[in-house]
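Understanding the architecture of this molecule
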Amino acid sequence: MVTDDKMTTQPNDQDPVNSEINHQDVDTSDAVKQELQDPQTAQPEPFQAEPQEAASQATKASEAALEEAASQETASVDDAPADAGEFASAVEENLELYSPRVGDRVKGKILAIHDDVAIVDCGAKSEATLLVRELDGQGVGDEVEGVIVETEPTLRLARVLQPEMANRMAIEAAYKTGIPVVGKIVEKVNGGFRVDVGGEMAFLPTGKLDRQSNENPDEAVDKTFTFKILEYQPNANKFVLSRSDWQQEEAEEKASEIFDRLKVGDVVEGKVASLHSFGAFIDLGGVEGLVHISEISENFIEHPSEVLKVGQEVRARVIKLAPESQRISLSMKSLHEEMWQEFAEQAKPGDPFKGKIKRKTDFGIFVELQPGIEGLLHISQIRSGAQYNQPEYDVGNEIEGWIRSLDPVQKRLQLTQRELPSHDPWETIHEKYHIDDVIEAKVDGMTNFGLLAEVEPGLTGLVPFSALKKMGYKKPTKAFPMGSKHRFKIANIAPDKRRLALMPELDAQQYEAQVKARRTKSKSKGKAPKSAPVKPNRPKQITEFGALLAAALQQENQKKK
């Protein structure tokens, strides 16, 4: 530095104060001269030294800032490795998202269900929709499988192609993947039917309408069914459907599921599908099991229709499985004993019941209290004042009453709609009543055989119509109206059969009047009394046979003359 060199070369013997002042003057004048002569080179030294030092400090500060930023970035990465990993995974996953195409069969998880649409995540950029009616009971979180039938504007899945989603691309996808379609039969044509599938017209051969023989195929017109696509060539105008093929596939699929689930000894529920002389077929929901006639009831029956009818719901036990031939053997009889034991543990005489009338006979009504448990409501035990033939007692109606007796060993259940006695009067009937006793009873019912008269709660007798007519009662119901009380004579007692026969009591005057009425009736018809046969005159010592023989000989002699 110029100034510093001059200052360091000054003599040491000069006055320091004056020397400092003089040096300042010199320095100032020299600087001015240099600035005037060469402005670029005459800059003061202090002004040249500051920018270099500032640059050096700025460089150091920048390097420190970079080092600090780098350390902070490293620290942030070290402090949050999980976030960085998730971000990387998300980016990678986004790059590998599934690009759906119409006709692809995919699996996905149900995310939500809104009204009639389920939202399904199938691994694509957007969720797919699936109609709720196509679900088999799946809910949110369950896995579901379907075929993509639409990608724009909405990604749609289908397990059965519905008419509102049907177009050429969707129908072709359904044809290639084998999913069924829904269509409406609009008219019958030569050899089959025309079917509308979302605006596309298809042909259904008559033989492909149903697996079973259809006696009246015309009834299928204007009805909607599910079909399998047999052929689809829109350019060649070929679109052929089959309902029977779809039914067969459904039956085989359900049968496979049922055979995988069932095992010998299981108890199943189903509906009677058909009745035959050898047994009954029970529909178990896609496959039928056979209950042989010997496995229907403990009692001997000549035909299953005696105890079963088509459409009836029944329970049975699986006694044999044959998956290779898809045969299931069932037994209803094996369940009866267990059911009766369970019922006897829950019910007792005097308990109320509510059941459905299953069968009606001349002597009473069979009421089903629960599947497999039937009780008899005897005609003498119907509601007081009710008529046996009134609509209340038609088959299928529900009735109420009380349990009279229960025998789980013999599987017998007796019911009543009448007041229950404190004890069974039939057990002590001979101690209280005897033949020819005259009692008072109230007429409270009628059957095809006669009038019913209640002697006491739980004890009802029958007054036969045939006997009443012989006694001269032309219209017994008028002579003995419902609710009226009369005096009757006991004609017969059969406690083992719970039968009590009654006859109206008649005094001598009533009896004579009835006899006189019958005689008058006989004379009014103009019938002559029968004459006694003419007996041949014969000696008393001759036998009847001898007299006849003599008469015959006499006639023979007269002919000869």
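No experiment lies behind these values; they were computed from the predicted model shown. Starting from 1, residues in each chain are numbered consecutively following that chain's sequence as written. The predicted origin of the model limits local features to residues at a pLDDT of at least 70 and limits the giving and counting of side-chain atom pairs to 80 or more, whereas totals for whole chains, interfaces and linings rest on all residues. The basis for every side-chain value is the complete set of non-hydrogen atoms in the structure, without hydrogens or water.

**Examining helix H6 (residues 243-261)**
- A run of H or I in DSSP counts as a helix once it spans at least four residues, and a run of E counts as a strand once it spans at least two, with each numbered from the N terminus. Any helix carries an expected span of 1.5 Å times its number of residues minus one. With 19 residues, H6 extends 27 Å between its outermost C-alpha atoms, agreeing within 8% with the 27 Å of an ideal straight helix rising 1.5 Å per residue.
- The buried label applies to any residue whose accessible area, calculated with a 1.4 Å probe on protein chains only, is under 20% of its type's maximum; exposed applies above 50%, and partly exposed to all values in between. Among all positions in H6, only Arg-243, Ser-244, Gln-247, Ala-251, Ala-255, Ile-258 and Phe-259 are buried. Projected down its long axis, H6 shows its buried positions confined to an angular sector of 125°, all on one face. Relevant arc is that of directions from the helix axis to the C-beta atoms, nothing else.

**Observations regarding the side chain of Gln-417**
- Among the secondary structure elements, Gln-417 is positioned in the loop between strand E20 (412-416) and helix H8 (429-432).
- A polar contact of 3.0 Å, which involves the side chain of Gln-417, links it to the backbone nitrogen of Arg-383.
- Engagement of the side chain of Gln-417 in a polar contact is seen with the side chain of Tyr-393, the distance being 2.6 Å.
- By the convention used here, residues are in contact when the closest approach between their heavy atoms is within 4.5 Å. Once residues within four sequence positions are removed from consideration, Gln-417 is found in contact with Leu-377, Gln-381, Ile-382, Arg-383, Glu-392, Tyr-393, Ile-399, Glu-400, Gly-401 and Trp-402. Under the rule applied, a polar contact is a pair of N or O atoms within 3.5 Å (in protein, one hydrogen donor and one hydrogen acceptor; residues adjacent in sequence only if both atoms are side-chain atoms).

**As for the nonpolar core**
- Joining through side-chain atoms within 4.5 Å is the link that ties buried Ala, Val, Leu, Ile, Met, Phe, Trp, Tyr and Cys residues into a set, and such a set is a nonpolar core. By size, the foremost hydrophobic cluster in this structure holds 26 residues, and its most contacted members are Leu-161, Ile-185 and Leu-241.
- The set of elements that each furnish at least two residues to this core consists of strand E4 (143-150), helix H5 (168-177), strand E6 (181-189), strand E7 (192-197), strand E8 (200-205), strand E9 (224-233) and strand E10 (238-242).
- Looking at this core, the element that brings in the most residues is E9, giving 4 residues.
- In contact with Leu-161, not counting residues within four places along its chain, are Val-149, Ala-166, Ala-170, Ile-171, Ala-174, Ile-179, Pro-180, Val-181 and Val-182.

**Comments concerning the sheet that holds strand E17 (residues 364-370)**
- Whether two strands pair depends on DSSP finding at least two bridges between them. Pairing is mixed around the closed barrel formed by 5 strands, whose spatial order is E16-E17-E18-E20-E19. Strand-to-strand, the axes of this sheet are offset by a mean angle of 50°, without reference to chain direction.
- Note: strand E16 (residues 352-360) against E17, 4 bridges, orientation antiparallel. Along E17, the bridge assignment pairs Lys-360 with Ile-365. Only the stretch in contact is used when a helix axis is fitted, and all axes are lines through C-alpha atoms; the angle between N-to-C directions ranges over 0 to 180 degrees.

**Thoughts on the environment of Leu-459**
- Structurally, Leu-459 is set in strand E23 (residues 459-464).
- Note on Leu-459: relative accessible area 0%, which makes it buried.
- For Leu-459 and Leu-420, which are 39 residues apart along the polypeptide, the C-alpha to C-alpha distance reads 10.0 Å.
- If near-sequence neighbours (up to four positions away) are discounted, Leu-459 is found in contact with Pro-425, Trp-426, Ile-429, Tyr-433, Ala-453, Glu-454 and Leu-500.

**Topic: the environment of Lys-475**
- On the secondary structure map, Lys-475 appears in the loop between helix H9 (465-470) and helix H10 (476-479).
- Overall, the relative accessible area of 53% leaves Lys-475 in the exposed class.
- Note: C-alpha distance between Lys-475 and Phe-465 (10 residues apart in sequence) is 9.4 Å.

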